[in-house]
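Given next are the chains, with one letter for each unit.
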Amino acid sequence: MNTLLDLSDRLYLDVADFAHSTPHWFQWLAEVWTELGLLLFGVLFLVGWWRSREGSSRAMALALLAPVATGFGYVVSEALKSLIDEERPCRAVAGAPVSLVACPPHGDWSFPSNHSAIAGAAAIALALSWRGIVWLTVPMALLMAFSRVFVGVHYPHDVTVGLLVGALVAFLVMRLAERPVRSLVETARSSRSSAVVWCAGRGPSAHASAHAPAHSERRSRARHGAY
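Criteria and thresholds
- Residues numbered from 1 in each chain as written.
- Predicted model: local features only at pLDDT ≥ 70, side-chain atom pairs only at ≥ 80, totals over all residues.
- Heavy atoms only, no water.
- Phe/Tyr/Trp six-rings, centres within 6.5 Å; stacked < 30°, edge-to-face > 60°.
- Helix = DSSP H or I, 4+ residues; strand = E, 2+ residues; numbered from the N terminus.
- Buried < 20%, exposed > 50% of the residue type's maximum accessible area, 1.4 Å probe, protein only.
- Lys NZ or Arg CZ within 6 Å of the ring centre and 35° of its normal.
- Disulfide = S-S within 2.5 Å.
- Core = buried A, V, L, I, M, F, W, Y, C linked by side-chain atoms within 4.5 Å.
- Contact = heavy atoms within 4.5 Å.

### Remarks on the packing of aromatic side chains
Next up, step 1: Going through the model one piece at a time under the given rule, you end up with six aromatic pairs.
Next up, step 2: With a centroid separation of 5.9 Å and an interplanar angle of 55°, the aromatic rings of Tyr12 and Tyr155 are classed as tilted. Note that Tyr12 is positioned in helix 1 (residues 2-21) and Tyr155 in the loop between helix 6 (134-150) and helix 7 (156-189), a separation of 143 residues in sequence.
Next up, step 3: When its relative accessible area of 0% is taken as the criterion, Tyr12 is described as buried.
Next up, step 4: On the accessibility criterion, Tyr155 (6% relative accessible area) is buried.
Next up, step 5: With 5.8 Å between their ring centres and 85° between their planes, Trp25 and Phe26 make a pair best called edge-to-face.
Next up, step 6: The class for Phe26 is partly exposed, based on a relative accessible area of 34%.
Next up, step 7: We note Arg53 situated over the ring of Trp50; from NZ or CZ to the ring centre the distance is 4.5 Å.

Have a look at this one:
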């Protein structure tokens, strides 16, 4: 264990030295991404929900579960953080350069990285609810994790464990809660409340019905034209 921690210390120093060798604009981008990058996941949650309104009940259930699963990933990470009092590397590593962002206060422990846990959970939850988007969300999560080391507030092992914890928790929540949430979506779609139906979407059958009259009209015109 000590060997792994020593390796993490050395990797932290290497990344910190690299960060200070980069141009100021690149450092600024890293600082922005490490905080605002999580907002992009939030935007993807909204887009995923919107595109699922005309999808199956399962698709809507997974879209609704994605942010919930991410929240669970954060809660588990925060619980671990409260149990393991690991000092931030920007204070604990001897000879480390000054972190690019303000070092969090004592008591805001380092292990695991909550940012990485949220990113890992969001990446997996979105990938399970939105086919093909894994090629975007996984690189986003990895970049988020690296940025936490880059700006100097986490060890490499903090972000690695954070990613894994968030991803595992999100996967379990998405799998275990899919069926009950799908039942709720089906109930909501048959509700008499227009607001509830709007939120849950009407599903593919309503979408097909909305296009049926126009399709029938085109077929009728085609038949009359043939004669």
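Having seen the model, we can carry on.
### Concerning the state of the cysteines
Next up, step 1: In the structure shown here, the tally under the stated rule is one disulfide.
Next up, step 2: A sulfur-sulfur separation of 2.0 Å characterises the disulfide bridge that pairs Cys90 with Cys103. Handedness here is read from the sign of the S-S torsion; for Cys90 and Cys103, about 75°, the answer is right-handed. Of this pair, Cys90 sits in helix 4 (residues 89-92) while Cys103 sits in the loop between helix 4 and helix 5 (114-129), placing them 13 residues apart in sequence.
Next up, step 3: For Cys103, a relative accessible area of 27% gives the class partly exposed.

### A short note on the nonpolar core
Next up, step 1: Phe41 and Phe150 are the most contacted members of the largest nonpolar core, which has 43 residues in total.
Next up, step 2: Top contributing element to this core by residue count: helix 7, with ten residues.
Next up, step 3: Apart from the residues within four sequence positions on either side, Phe150 is in contact with Val15, Phe18, Ala19, Thr22, Phe26, Gln27, Ala30 and Leu100.

### Notes on the environment of Pro67
Next up, step 1: By the secondary structure assignment, Pro67 is in helix 3 (residues 57-83).
Next up, step 2: In this structure, the C-alpha to C-alpha distance between Pro67 and Ile118, residues 51 residues apart in sequence, is 9.7 Å.

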